[in-house]
Amino acid sequence: MAKRIVKDERIKVIIHNIAEDFRFSHETGDYALLFYQADTEGVIRGAQIDQMAEYLSTGLAELQDNIQWRREFLSENPGMDEVKMLENLSIIEKEYIDLLAFLR
């Protein structure tokens, strides 16, 4: 069984950030539990690697391609500065790319 032990501090922070996003939204689905476990244990095992990569790939595609999502986000958060929001999305995009590279 393949596994990835998370030793790199940047990767730990990325996993923690994603887990915190799930915690903030009170999600308890499969992906949320996957990131909670990785955040707590610091290990990603077997099929979890593929599941995490699938989540990240899908999220990355949505970040890169879906302008409508950005518009909806801004309309739901009227106090959000558009430039700041785009900067935040760029940070998320970079984190997803870095975590995907770690998983491969």
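Above this note sits the structure.
Residues numbered from 1 in each chain as written. Predicted model: local features only at pLDDT ≥ 70, side-chain atom pairs only at ≥ 80, totals over all residues. Heavy atoms only, no water.

Draft legend 1. Seen up close, the overall build of the chain. For the chain, the helix and strand inventory stands at five helices and two strands. What you see for the chain is a C-alpha radius of gyration of 14 Å, in line with the 13 Å of a compact globule of 104 residues. Projected onto its principal axes, the C-alpha coordinates of the chain cover approximately 45 × 25 × 20 Å. Counting over 104 residues, the chain shows a buried share of 31%. In the chain, the proportion of contacts linking residues at least 24 apart, taken out of those at least 6 apart, comes to 61%. Here the chain has roughly 6,700 Å² of accessible surface; of this, 53% comes from carbon and sulfur atoms. Side-chain charges in the chain split into 12 positive and 20 negative, and the spacing between the mean points of these groups amounts to 8 Å. (Helix = DSSP H or I, 4+ residues; strand = E, 2+ residues; numbered from the N terminus. Rg over C-alpha atoms; globule rule 2.2 N^0.38 Å. Buried < 20%, exposed > 50% of the residue type's maximum accessible area, 1.4 Å probe, protein only. Contact = heavy atoms within 4.5 Å. Areas by Shrake-Rupley, 256 points an atom, 1.4 Å probe, with all protein chains shown as cover. Lys, Arg positive; Asp, Glu negative; His and termini not counted. Charge placed at Lys NZ, Arg CZ, Asp CG, Glu CD.)

Draft legend 2. Fine view of unusual backbone geometry. Unusually for a residue other than glycine, His-26 sits at a positive phi of about 60°. Position of His-26 relative to the elements: it lies in the loop between helix H1 (9–24) and helix H2 (30–41).

Draft legend 3. Summary view of the pattern of salt bridges. Per the stated rule, a full pass over the model turns up six salt bridges. The residue Arg-10 makes a salt bridge to Asp-98 at a minimum N-O spacing of 2.8 Å. Linking Arg-10 in helix H1 with Asp-98 in helix H5 (residues 82–103), this pair joins segments that are 88 residues apart in sequence. One salt bridge in this structure joins Glu-41 and Arg-45, with 2.8 Å as the shortest N-O distance. Take Glu-41: its relative accessible area is 42%, and that puts it in the partly exposed class. (Salt bridge = Lys/Arg side-chain N within 4 Å of Asp/Glu carboxyl O.)

Draft legend 4. Fine view of the nonpolar core. Of all hydrophobic cores here, the largest spans 26 residues; its most connected members are Ile-18, Phe-35, Met-52, Leu-56 and Leu-99. Mapped onto this core, the elements with two or more residues apiece are H1, H2, helix H3 (46–65) and H5. In terms of residues, this core owes the most to one element, H3, which gives seven residues. Not counting the four nearest positions on each side in its chain, Ile-18 is found in contact with Phe-35, Tyr-55, Leu-56, Tyr-96 and Leu-99. (Core = buried A, V, L, I, M, F, W, Y, C linked by side-chain atoms within 4.5 Å.)

Draft legend 5. Inspection of the layout of surface pockets at higher detail. The volume enclosed by the largest pocket comes to roughly 770 Å³. What lines the largest pocket is a set of 22 residues, among which Asp-21, Tyr-55, Trp-69, Ile-92 and Tyr-96 lie closest to the centre. If you list the elements that add at least two residues to the lining of the largest pocket, you get H1, H3, helix H4 (67–76) and H5. Residue composition of the lining of the largest pocket, by class: 13 nonpolar, five polar and four charged. (1 Å grid on protein atoms, 1.4 Å probe; cavity = no way out; pocket = protein on both sides within 12 Å on 5 of 7 lines; lining within 4 Å. Points joined across faces, edges and corners; volume = space filled by probe spheres on them. Nonpolar A, V, L, I, M, F, W, Y, C, P; charged D, E, K, R; others polar.)

Draft legend 6. Quick look at the side chain of Glu-95. Relative to the elements of secondary structure, Glu-95 occurs in helix H5. Arg-10 is the oppositely charged side chain nearest to the buried, salt-bridge-free Glu-95, at an N-O distance of 4.5 Å. In this view, Glu-95 contacts Arg-10, Ile-14 and Asn-17; residues no more than four positions away in its chain are not counted.

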